[in-house]
Structures are given as structure tokens and as C-alpha cells.
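Summary of structural features
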Amino acid sequence: MTKVPTKTDDVYMREALSLASRAAGRTSPNPLVGAVIVNNGRIVGRGYHRKAGTAHAEINALGEAGQKAAGADIYLNLEPCCHYGRTPPCVDALLARGIRRVIVGMTDPNPLVNGRGIRRLRRNGVLVITGVLEEECRRLNEAFIKYVTTRRPFVILKVASSLDGRIGTENGDSKWISNEKSRRYVHRLRDHVDAVLVGIGTIQEDDPWLTTRLEKRRGKDPLRIILDSSLKISRRARVLHLESTARTIIVTTPKAPPEKIETIKKLGAEVIMLPSRDRVDLSLLMEELGKREVMSVLIEGGSRINTSVLQAGIVDKVIVFFAPRIIGGKNAPLMVDGSGSSRMKDALVLHRIRTRRFGDDVMIEGYL
């Protein structure tokens, strides 16, 4: 018996990751976790965490394995919990069922766990192997890692741009820069995040639905957040008249007219007023969203919003879809506006870059 991960360990861990990803966008504020139980080289149990408050991946896998769990190995992309939350500790269940070896992708960054589950298993004679496909495991739960360590949501900035950096024409036409394949992927992004955020400019110019539209209606609508410091939103805006299980929140400031606030509330939307003098304080907003257990936010704004969120330093990941178009136009809106960096060394740099093709569009993804 070896303590060094093997190629076989990688195979089973990938299965655990695949199971975990089935619940993307549905477990907040909990992580995505998959479990695979293997006995004598055969998978005898599979499970994943489906939703906060329901059974954890380990419990679901143990239930499927039954008596075959005794003396078996379990593969988990995240360290098993050892504390009482909405459900009992999973470490207790693993010990009670006689699991002999636990293979873990990454340590749980939750301060309530953070290695305690692994130490308890080892103290009880269970062999624990850690760090199997750790990078993949961390990427899967990047939103949870940010949220559980800072109590603020993981923020993704999404932009669709021409090759010359324009997100529309001089007369305001912006539909469609990216192709249909790219747009379908954006709907999958919406399905996987807790909230989508835009500015009032996007609402006034495009009047979007901000819903998730996937084949066979399998998508989950995210919470819709609109930044509107003066509450200019029209009473007829689509986001205020949706048949959706997700809420719409308008974030404003003391400049908002009290009578307009009441009107918006009567239409079914929630109004959050932040103590900002001029524009919405984005740092305060992230703090407020964290308190509401919003773990991830997808920003789909125009130049002003893109510039504001980057200047505020709240963005964690940037996704840009470059379409093979050259729009031109001195006054055509750019993906990012403002004064910019005066020196190249001060420019924001993306790291851990990944690229992907969607037809003729090229997606570039990176982290700040």
C-alpha cells in the first residue's frame, strides 16, 4: 500500500470531479463535492452534493455502496467535513462504515475544517492521500474558496469584444458581436453562478432578460442585480416583469426618490440602498452579497461598469470573447474606458491563461 498517488488515483478523482460538477450553481454556500467508493478495483458507490442542506457526497456514495463500503477506498475532491453544520460530520460516517483509505484532492479551506478532517481520519488509522489533481479540484471550487475565506463572492467579468476592443458601434448597436456558440456558453455561465450583475446603462440600452436559456429549459436563473444609483430604471423594464424563480435586486443610493423605491418594490423587486454619495460603493455591495450567501457573481456590463469594477479591485476572473470583427469608430464604446494606466508596468495582468474556440470566436480566460 503506497501513500503516493497513482495514475489509477487520477482516474477515480476525475470521476469524483465529474460527479461534483453536476451540481454547479446549486450548492451555495457549500462547495461542489463528488465521491467515488472503490472496492477491489471496482466502483461500488458514487455520490455528489446536490444542494445546501441535503446529504453530502460521502453520505450519498456510502448509501449506494452499502456493505461494500467496508475496507474500501473513497475518492473525494474536497476534504471531508468534521463539524456539525446543516448536516452531521462526514468523517464520522466514513469511520463508522470502515473505509480504509481516503484519497483527497484538496484540503478544505473552511476555517471550521482546514485539515482537521484529515487529521482525525489519520488518528483513527485511516490512510489518507492528499493533493490528487489538486489544481483541477481548486479550479472547480474557486468560488467557494474565495467565499469561505473572505465572506465575499467570487467575481467574474465577462466581455464580448471585436478585435479592436469595441463592444458596440458608435450608434449603440451591440447585437451581436459574439456568435451563437459563444452566447450559449454564456448561458451556461449564468446557470453556474449565483448572480448576474449589470448597470442601469445596459438595462436602458438593451432591456435584457438576464435569464438562463438552455436547451430543454434545464437552466437555473441567477439572482439579477442592477446597479442604479439614481433609480432611473423604467417601470416597464423586462427584469421587473419576469416569470422566474430568481429575484431581481436594484442597488441604489440615497439619491433614489422614495416614491420610486416603493413603486419598484410593488413590482416585486428588492431595493438595496447603500450609503454612497454618488455611485454605488462596489466594495460595500460585495460585503452585502456575502452576508446573503451569494458565492459567485457574473458581471455583464458596458464600458462604465467594466471600468468601475476593475478600478474597485473586486474582479477575480476575466473572460473575454473576441469576435473576428473590426468595428472602428472614434466614439464606439471600448471594453474598458477611463484614464487607464500611464505606464505599461501598471497595467492589469491576467495569469493562468486558458483559451478556447467557439466557432470563429476566441475566448480568453484569466485571473487577476
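Below is a short write-up of the structure.

Criteria and cut-off values
Residues numbered from 1 in each chain as written. Predicted model: local features only at pLDDT ≥ 70, side-chain atom pairs only at ≥ 80, totals over all residues. Heavy atoms only, no water. Helix = DSSP H or I, 4+ residues; strand = E, 2+ residues; numbered from the N terminus. Rg over C-alpha atoms; globule rule 2.2 N^0.38 Å. Buried < 20%, exposed > 50% of the residue type's maximum accessible area, 1.4 Å probe, protein only. Contact = heavy atoms within 4.5 Å. Areas by Shrake-Rupley, 256 points an atom, 1.4 Å probe, with all protein chains shown as cover. Lys, Arg positive; Asp, Glu negative; His and termini not counted. Charge placed at Lys NZ, Arg CZ, Asp CG, Glu CD. Pairing = 2+ DSSP bridges. Axes fitted to C-alpha atoms, helices over the stretch in contact; angles between N-to-C directions. 1 Å grid on protein atoms, 1.4 Å probe; cavity = no way out; pocket = protein on both sides within 12 Å on 5 of 7 lines; lining within 4 Å. Points joined across faces, edges and corners; volume = space filled by probe spheres on them. Salt bridge = Lys/Arg side-chain N within 4 Å of Asp/Glu carboxyl O.

The next thing to look at is the overall build of the chain. The secondary structure content of the chain amounts to eleven helices and 14 strands. Rg of the C-alpha trace for the chain: 23 Å, near the compact-globule value of 21 Å for 368 residues, within the 12% margin. Classification of the 368 residues of the chain by burial places 52% in the buried group. Expressed as a percentage of contacts within the chain between residues at least 6 apart in sequence, the contacts between residues at least 24 apart total 72%. Of the roughly 18,500 Å² of accessible surface on the chain, a fraction of 48% belongs to carbon and sulfur atoms. One finds the centroid of the 61 positive side-chain charges in the chain at a distance of 3 Å from the centroid of its 41 negative side-chain charges.

What follows concerns the side chain of Asn141. With respect to the helices and strands, Asn141 occurs in the loop between helix H5 (134–140) and helix H6 (142–150). For Asn141, a relative accessible area of 2% translates into the label buried. Those residues within four positions of Asn141 in sequence are excluded, and the remaining contacts are Pro31, Leu32 and Asn77.

Moving on: the sheet that holds strand S2 (residues 42–48). Here we have five strands laid out as an open sheet, ordered S2-S1-S3-S4-S5, and mixed in their pairing. The two strands at the open ends of the sheet, each matched to only one other strand, are S2 and strand S5 (127–129). Taken pair by pair, the neighbouring strands of this sheet meet at an average axis angle of 15°, ignoring direction. Strand direction decides the pairing type here: strand S4 (residues 101–104) and S5, joined by three bridges, are parallel. Its bridge partner lying in S5, Val102 is registered against Val128. The sheet strands contacting helix H1 (residues 7–21) are strand S1 (34–39), S2, strand S3 (73–76), S4 and S5, and the helix crosses S1 at an angle near 140°.

Let us now look at the layout of surface pockets. If you add up the space inside the second largest pocket, you get close to 860 Å³. Breaking the lining of the second largest pocket down by element, the ones donating at least two residues are H1, H5, H6, strand S6 (154–162), helix H7 (180–192), strand S12 (317–323), strand S13 (351–358) and strand S14 (361–367). It is H7 that provides the largest number of residues to the lining of the second largest pocket, a total of four residues.

For the rest of this paragraph, the subject is the side chain of Lys220. For Lys220, the position within the fold is in the loop between helix H8 (200–206) and strand S8 (223–227). Salt bridges are absent for the buried Lys220, whose nearest opposite-charge side chain, Asp194, sits at 5.2 Å. Not counting residues within four places of it along the chain, the set of residues in contact with Lys220 comprises Gly25, Arg26, Arg190, Asp191, Val193 and Thr212.

Our focus in this paragraph is the sheet that holds S13. The pairing of strands in a sheet happens through backbone hydrogen bonds and is either parallel or antiparallel. Strand order in this open sheet of nine strands is S10-S9-S8-S7-S11-S6-S12-S14-S13, and the pairing throughout is mixed. Looking at which strands have only one partner, the edges of the open sheet turn out to be strand S10 (270–273) and S13. Neighbour to neighbour, the strand axes of the sheet diverge by 20° on average, direction disregarded. Pairing of S8 with strand S9 (residues 248–252), which is carried by four bridges, proceeds in the parallel orientation. The partner of Leu227 across the bridge, within S9, is Val251. Against the sheet, H6 contacts S6, strand S11 (296–299), S12 and S14, and its axis sits at roughly 135° relative to S6.

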